[in-house]
Amino acid sequence: MIQRAMGSVRVNRYSIVSTEEDGHKVSTLGSMNGHSRNGKGHAPRRKHRNRFVKKNGQCNVYFANLSNKSQRYMADIFTTCVDTRWRYMLMIFSAAFLVSWLFFGFLFWCIAFFHGDLNAPVVGGSPSLLKPCIMHVNSFLGAFLFSVETQTTIGYGFRCVTEECPLAIMAVVVQSIVGCVIDSFMIGTIMAKMARPKKRAQTLLFSHHAVISVRDGKLCLMWRVGNLRRSHIVEAHVRAQLIKPYMTEEGEYLPLDQRDLNVGYDVGLDRIFLVSPIIIVHEIDEESPLYGIGKEELETENFEIVVILEGMVEATAMTTQARSSYLASEILWGHRFEPVVFEEKNHYKVDYSRFHKTYEVAGTPCCSARELQESKMTILPSPPPPSAFCYENELALVSQDEDEDDDEVGVVLGGSTKEEGGVIQMMDFGSHLDLERLQATLPLDTISYRRESAI
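Conventions we followed
- Residues numbered from 1 in each chain as written.
- Predicted model: local features only at pLDDT ≥ 70, side-chain atom pairs only at ≥ 80, totals over all residues.
- Heavy atoms only, no water.
- pLDDT = per-residue confidence, 0-100.
- Contact = heavy atoms within 4.5 Å.
- Helix = DSSP H or I, 4+ residues; strand = E, 2+ residues; numbered from the N terminus.
- Phe/Tyr/Trp six-rings, centres within 6.5 Å; stacked < 30°, edge-to-face > 60°.
- Buried < 20%, exposed > 50% of the residue type's maximum accessible area, 1.4 Å probe, protein only.
- Core = buried A, V, L, I, M, F, W, Y, C linked by side-chain atoms within 4.5 Å.
- Pairing = 2+ DSSP bridges.
- Axes fitted to C-alpha atoms, helices over the stretch in contact; angles between N-to-C directions.
- Parallel < 35°, antiparallel > 145°, perpendicular 65-115°, else oblique.
- Nonpolar A, V, L, I, M, F, W, Y, C, P; charged D, E, K, R; others polar.
- Disulfide = S-S within 2.5 Å.

## Let's talk about the confidence of the model for the protein chain
Okay, so step 1: When pLDDT is averaged along the protein chain, the result is 75, and 70% of the positions lie at 70 or above.
Okay, so step 2: Low pLDDT (under 50) marks residues 14-43, which in the prediction has 75 contacts with non-local residues, meaning those over four places away or in another chain.

Set out below in structure tokens:
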């Protein structure tokens, strides 16, 4: 029989296995700095806000009026080539090869021209016995072909340089060195561009929405992250920041004020083992920027939460970073994420079709965490039996194999005896219909609220 104490405090909040544009005016910032309007006055409508970080992780920032931009970018040409798009990089390398071939082709043509190889006299129907600098180069086209053969080391054996002109020999040596440099730069840039950990971030997934609900008796902001590859992200850790306009006490306007959201880095919970999807939790306490925001305030707030997942790629040991963001309109109050990890006979199954899905939790308080604290309101579990059976338990039980008829599933609420603790034993479910009948008799996640003075 599987038992769970619903009143116990969870040590690790990241449990992954289920049992189955600047749109504000300066004059309005005085009310924006506070996190709660306390229900006074008419709440203004939320204004449109440009994302600072797009959902795909790209930063929505444009740099203007940069001095000496070209010189600065050319000073670090390797990084410029790695960061540029593939089509532009291929155009740059193609142009580099063509320019080098044309330059040395013109140089060989000049050597042959001044040596007199291009207009050598013909005696008795055959060329004169004057030995040319470059064999069988009688025009610029021939000089260009010789340049291509030299730099690419094709060597057809038809055109070749002779010892008649030391200048031509030096030109061949210089072209060979230049060709090696271009090849090395091109190969290094392509390899660095292909091995960039930036592409690894494409297989790191963030949920479409974030949610706010009660966990372990406290309001928490939560979102889900996942890894689509079987290879691990080593030393994975998460960070989050809230970005919103802010007016300082001195009247200074900060359009993108950044404040950290504690996701457990003070106790090490920000470091995660990302094998299966994990729900990241930010506890809304006195230090949280969301401390004074309730459900009504959330509908009018104008902020953005940027979430970051960092770690090393297991295959290359290079650090990668995946980013996403949530606007206030993308935060669902009173919702939870559906379970995605289910235990089967010999393994755990991750159902990514449920990754972005949420469900509404009845009884979630609509007030802010500050109001809960000021009113000294305590969130207590309901009478034991009704709150024992919830949506996650139903999914877990349905996912179990039908042949495990001898298993007993129990949910235990705190108490000294079975009668006082409200132990419910669910045994031998004959079919899913029986499960539905039991579920219909039990309300889902009923939560009662009592003041401390009444407890």
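Having seen the model, we can carry on.
## What about the side chain of E149?
Okay, so step 1: Here E149 is to be found in helix α5 (residues 140-151).
Okay, so step 2: Sequence-distant contacts of E149, defined by excluding residues within four places in its chain, comprise I154, G155, Y156 and R159.

## Points about the packing of aromatic side chains
Okay, so step 1: Summed over all chains, the structure comprises nine aromatic pairs.
Okay, so step 2: Each ring, one from F78 and one from F185, has its centre 6.0 Å from the other, and the planes form 85°; the classification is edge-to-face. Here F78 is found in helix α3 (residues 77-83), whereas its partner F185 is found in helix α6 (residues 166-194), with 107 residues between them in sequence.
Okay, so step 3: What makes F185 partly exposed here is its relative accessible area of 29%.

## Overview of the nonpolar core
Okay, so step 1: Membership of the largest hydrophobic core comes to 37 residues, with the highest contact counts inside it found for L221, W223, I272, F303, I305 and L309.
Okay, so step 2: With five residues, the single largest contributor to this core is strand β6 (residues 233-247).
Okay, so step 3: Setting aside residues no more than four positions away along its own chain, L221 makes contact with A210, V211, I212, L261, I280, V281, H282, I284, L290, I305 and I331.
Okay, so step 4: F104, I111, C133 and V172 belong to the second-largest nonpolar core, a separate cluster that totals twelve residues.

## Some words on the environment of F93
Okay, so step 1: Of note, F93 is situated in helix α4 (residues 86-115).
Okay, so step 2: On the basis of relative accessible area, F93 is assigned to the buried category, the value being 6%.
Okay, so step 3: Through-space distance from the C-alpha of F93 to that of I182 is 8.2 Å; in sequence the pair is 89 residues apart.
Okay, so step 4: With residues near it in sequence (within four places) discarded, F93 still touches F185, M186 and T189.

## Remarks on the pairing of strand β7 (residues 253-260)
Okay, so step 1: In terms of strand pairing, β6 meets β7 through six bridges, oriented antiparallel. Bridging across to β7, I243 finds its partner in Q258.
Okay, so step 2: Hairpin connection between β6 and β7: a loop of five residues separates the two successive antiparallel strands, and G251 in this loop has a positive phi of roughly 90°.

## Quick look at the packing of α4 against α6
Okay, so step 1: At a closest axis distance of 11 Å, the pairing of α4 and α6 adopts a crossing angle of 175°. With respect to α6, the element α4 is oriented roughly antiparallel.
Okay, so step 2: Residue classes in the contact of α4 with α6 are distributed as 21 nonpolar, three polar and two charged.

## Digging into the state of the cysteines
Defined simply, a disulfide is a covalent bond joining two cysteines at their sulfur atoms.
Okay, so step 1: In this structure the tally under the stated criterion is one disulfide.
Okay, so step 2: C133 shares a disulfide with C165; S-S distance 1.5 Å. Residue C133 is found in the loop between β2 (126-127) and α5, and its partner C165 is found in the loop between α5 and α6; the two are separated by 32 residues along the sequence. Neither residue differs from the other here; C133 and C165 are each classed as buried.
Okay, so step 3: C367 forms no disulfide, and the closest cysteine sulfur to it belongs to C366, at a distance of 7.7 Å.

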